[in-house]
Structures are given as C-alpha cells and as structure tokens.
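In case you want the letters, here they are:
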Amino acid sequence: MSYVTIMEKEIREEPSVLTRILESNIPILERIKRYLDKKKIEGIYISARGTSDNAGILGKYLLESISGYITAPSAPSLFTIYKRPPSLKGKIVIGISQSGRGEDVCEVVEWGKREGALCIAITNNPDSLLASLADEVILCWAGEEKSVPATKTYLAEIFNLYLFSSVIAEREDILGSLKDMPIYVERIIEEAFKIDITRFHFMDRCISIGRGFNYPTAMEFSLKLKETSYIFAEAFSSADFLHGPLALISNQLPVFVFLPAGPSYTHLAEVIETIKEKTKDIFIFGFEALDGKENIFKIPYNIDEVLSPLLFTPVFQVFANKLALEKGLDPDHPRFLKKVTITR
C-alpha cells in the first residue's frame, strides 16, 4: 500500500502497535501490581513534556478514576531550574517520553529514584536514559517514528496508561474492552480518511473543546493542528470555556468539540447549544448527533466514555494529516521543529 505522507503510514500502523502492547506489556504490569499489593503508596507523580504531557494529563484522569490513586502532573522546572522539588518518598514516579531523552523528565525520575520511589518509564526507546533510570519499563512497541508529529507513539502511551490503570485496579471489564481496540482503531482510521476537509482550507485559528477524559484529547488535537498546519489552535475544557473564553466566539472562528456518549454528554450538549447561538461554524467529533443538523464525524461504536479518547485520537490525527495536505503543507517536516526536543 502506498501512502501520501509518513504521518499517514504511521497512523495506519496504530492497530498493530496496540496489538504488540497487549501481547508484551501485561506481565510487566502484573509485576507492578504485585509490588503495589505489598507496599502502601501515597500517590503517583507523572513527568512528561509536549505530546507526552497530554498523555500524562489523561493518565491523571485514568489513574484517579480507575485505580483510585491521587495523581499529579509534575512541574519539572522545580527540579531542573529552581532546585526546590517536592518530596517523592512513598510515591510512584512515571516518566513519559517517546524518545526517553528528555533531560527534565529524566531528572524527575532520577530524583524519585534517590528518594526510594518506584520509578516507571513509558517510552518507545528501550535503550534510552529514561529506561536505564527506571525500575520498570513499559514500552510503546511503536517502532521508529519518522514523521515529526507524534501519532502512533501518542496512542501507544495512552493505551499503556489505560492498561496500567486497569491492571493495578483489577478492572477486567476495561481490560476486555481494551483487547478489542486494535480492530476498532483499524476501522475508525478508514472512516476518518473519508472526512471532507475542504471547508477548512483557509482556517488559520480555531478552538478545540473537550471535558474530563477528553480535555487532553482537545489539547493534543490543538497541538497537532499547530504542528502540521500552523494553525493557532487553542484547547479548553468546556467548563473553563464558559468562564471567559466564550467571548472569543465569532463567525470567523471554527469550534471543534469532542462529544462522547456518557456522563459529560449533557453538559457538552448544553455548551454546544450556547455556541450555536453565536456561530454556526462548529464541527463535532462524536458518538451520536444532537439534532441531526450539525457537522459531525460520527463514531459508530458503543463504548464507555472513559475509553473514548482511544477512538477520538486516530480520528483527529487523520484530520490533521488531511488538513495539512489540503493546505499544501508537508505534515512530516513542520518548519522549525525537530523530532526530538530536549528541554530542562
């Protein structure tokens, strides 16, 4: 099969990546579960940057809601610049980095190691510094990712976080659903390539909205639009959006909303109705339509809201790839960007 972009090729590899994770990582997660059964853990601390940070924010939602552990995203500058880090004693420290080379992420994990925390790496590079520092390594099994925008590695990171949360909480119901995800993802990618992108040819700014589990989805979608099409895309929680950013709405500002079927549906539907009073330029990624008149990409599966980011993610990645091509841009090599960004 021929591909127009490397990004498309790597998106289409995602089902096989998820399959490899299911085949390889559960024994490691079960070993971590046995450790947790024997030791009292006060909480979980996640360190990440960029796309991996969006994965980590979703991880907070998953770990708190599924496994019950209080989970906090790190502030790496407290370790690298200000040298005033919090205590990590009695914690689990999770470092997330596709390359495993992020110096600030590694420094947080190294500090956790010195304080006796259980340190876990989620990475695509088993030979990286991050992997060498960690007590346990949860691999992404994505193979080399050549396109600058992360696609298959991001989905692999969040899939690993779903597995991690489910195994340590003994949630066989969620684990069963995760085992079905490779086939769902394969099918939804094919459907996503049918989205008509032409109406967004001249879009240079937009708003992306999600709630709860899909707030990080909106954040990662906005990042992909920035990277691939140089669009000034801003992501909001639907709750925060009503506290001031609503004033930004105009007929020249497209709004994208991630609308799962579940507890957040009613609130998001109300927000959509509020926005529709001010503009008609709304596009919905959803599992069901509101009144049949919206521009919507409908996902034809009945899954729990907690799992919806796993299907929204390949869809918005395809959308970003197609939009860059529509604009005559090269999504594989965005200007000014490198595949690996090192920060402290």
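Just so you know, these numbers come straight off a predicted model, no measurement behind them.

(A) Structural context of the sheet that holds strand β6 (residues 205–210). Ordered by their spatial adjacency, 5 strands build an open sheet running β7-β6-β8-β9-β10, and the pairing between neighbours is parallel. Looking along the sheet, the strands with just one partner apiece sit at the ends: β7 (232–237) and β10 (295–298). Ignoring strand direction, the axes of neighbouring strands in this sheet form an average angle of 20°. Pairing between strand β9 (residues 282–286) and β10: 4 bridges, direction parallel. Bridge pairing in β10 links F285 to F297.

(B) Focus on the packing of helix α2 (residues 14–24) against helix α10 (residues 181–192). Contact geometry for α2 and α10: axes closest at 8 Å, N-to-C directions at 170°. For the element pair α2 / α10, the angle class is roughly antiparallel. On α10, the residues that touch E14, P15, L18, T19 and L22 of α2 are M181, P182, V185, E186 and I189. Looking at the contact of α2 with α10 residue by residue, the classes come out as 7 nonpolar, 1 polar and 2 charged.

(C) Just the pattern of salt bridges, in detail. Summed over the entire model, instances satisfying the criterion amount to 19 salt bridges. Residue R12 pairs with E8 through a salt bridge whose shortest N-O separation is 2.9 Å. Taken together, the residues span about one helical turn, with R12 and E8 both in helix α1 (residues 6–12) at a distance of 4 residues. On the accessibility criterion, E8 (8% relative accessible area) is buried.

(D) Examining unusual backbone geometry more closely. Phi at K83 takes a positive value of approximately 55°, unusual for a residue other than glycine. Take K83: it is sitting in the loop between α5 (77–80) and β3 (91–97). A relative accessible area of 51% means that K83 is categorised as exposed. Within the chain, E170 stands out as a residue other than glycine whose phi angle is a positive 55°.

(E) Geometry of the packing of aromatic side chains. Under the definition given, this model contains 23 aromatic pairs. Aromatic side chains F285 and F319 sit 5.8 Å apart centroid to centroid with 80° between the ring planes, which places their arrangement in the edge-to-face category. Remark: F319 occurs in helix α14 (residues 309–326) and F285 occurs in strand β9; sequence separation between them is 34 residues. On the basis of relative accessible area, F285 is assigned to the buried category, the value being 0%. A relative accessible area of 0% places F319 in the buried class. An aromatic cluster is present here, built from F200, F221, F256, F258, F283, F285, F287, F312, F316 and F319 joined pairwise through their rings. Over the ring of F193 we find R12; its NZ or CZ atom is 4.3 Å from the centre of that ring. Over the ring of Y230 we find R335, and its NZ or CZ is 3.8 Å from the ring centre.

(F) View of the pairing of strand β4 (residues 118–123). Taken across its 6 residues, β4 has 6 buried, putting it largely inside the fold. Residue alternation in β4 divides its side chains into two sets, L118, I120 and I122 and C119, A121 and T123, and both sets are buried. Two strands pair when backbone bridges link them, and β3 and β4 are joined in this way by 6 bridges, in the parallel orientation. Within β4, the position partnered with I92 by the bridge is L118. Since β3 and β4 lie parallel, the crossover through helix α6 (residues 103–114) that links them has a hand, and here it is right-handed. Pairing of β4 with strand β5 (residues 136–139), which is carried by 4 bridges, proceeds in the parallel orientation. Pairing of I122 across the sheet is with I138, part of β5.

(G) View of the environment of T51. Locating T51 in the fold gives a position in helix α4 (residues 50–67). Sequence separation of T51 and T151 is 100 residues, and the distance between their C-alpha atoms is 9.2 Å. The contact partners of T51, leaving out residues within four places of it in the chain, are Q98, A150, Y154, E157, E220, L223 and K224. Engagement of the side chain of T51 in a polar contact is seen with the side chain of K224, the distance being 3.4 Å.

(H) Looking closely at the sheet that holds strand β2 (residues 71–73). Spatial ordering of the open sheet is given by β2-β1-β3-β4-β5, a layout of 5 strands whose pairing is parallel. Edge positions in the sheet fall to β2 and β5, since each has one partner strand and no second. The sheet shows a mean angle of 20° between the axes of neighbouring strands, direction not considered. Docked against the sheet, α4 engages β1 (43–48), β2 and β3, running at close to 165° with respect to β1. Packed onto the sheet, α6 meets β1, β3 and β4 and runs at close to 160° relative to β3.

(I) View of α6. Look at α6: 16 Å from first C-alpha to last across 12 residues, which is about the 16 Å you get at 1.5 Å a residue. For α6, the complete set of buried residues consists of D104, V105, C106, E107, V108, V109 and G112. Buried residues along α6 sit against β1, α5, β3, β4 and α7 (129–133). In the stretch just after α6, G116 is the one whose phi turns positive, near 85°.

Reading the values: rules and limits
Residue indices begin from 1 for each chain and proceed along its sequence in written order. Side-chain atom pairs in this predicted model are given and counted only at pLDDT of 80 or more, local residue features only at pLDDT of at least 70, and totals for whole chains, interfaces and linings cover all residues. No hydrogens and no water enter the side-chain calculation; it runs on all heavy atoms of the structure. DSSP calls a pair of strands paired once it identifies at least 2 bridges connecting them. The numbering of helices and of strands both runs from the N terminus, where a helix is a DSSP run of H or I of at least 4 residues and a strand a run of E of at least 2. Between the N-to-C directions of two axes lies an angle of 0 to 180 degrees, each axis being a line fitted to C-alpha atoms and, for a helix, fitted only over the stretch in contact. Angular relationships are summarised with four words: roughly parallel below 35 degrees, roughly antiparallel beyond 145, roughly perpendicular across 65 to 115, and oblique for the angles in between. Note on definitions: a residue-residue contact is assigned when non-hydrogen atoms from the two residues lie within 4.5 Å. Under the convention adopted here, Pro, Cys and the residues Ala, Val, Leu, Ile, Met, Phe, Trp and Tyr are nonpolar, Asp, Glu, Lys and Arg are charged, and Gly plus all remaining residues are polar. Salt bridges are counted wherever a side-chain nitrogen of Lys or Arg sits within 4 Å of a carboxyl oxygen of Asp or Glu. Each residue is placed in one exposure class: buried if its accessible area under a 1.4 Å probe, protein chains only, is under 20% of its type's maximum, exposed if it is over 50%, and partly exposed if it falls in between. Pairing of aromatic side chains requires ring centres within 6.5 Å, counting the rings of Phe and Tyr and the six-membered ring of Trp. Pairs whose planes differ by under 30 degrees are stacked, by over 60 edge-to-face, and all others tilted. The criterion for a charge sitting over a ring is simple: Lys NZ or Arg CZ within 6 Å of the ring centre, and within 35 degrees of the ring normal. Note on handedness: a crossover is taken as right-handed if, strands pointing away from the viewer, the path from the first strand over the helix to the second is clockwise. The term polar contact refers here to a pair of N or O atoms within 3.5 Å; inside protein, the definition further demands a hydrogen-donor-capable atom paired with an acceptor-capable atom, and it admits residues adjacent in sequence only when both atoms are side-chain atoms. The span one expects for a helix is its residue count, reduced by one, times 1.5 Å.

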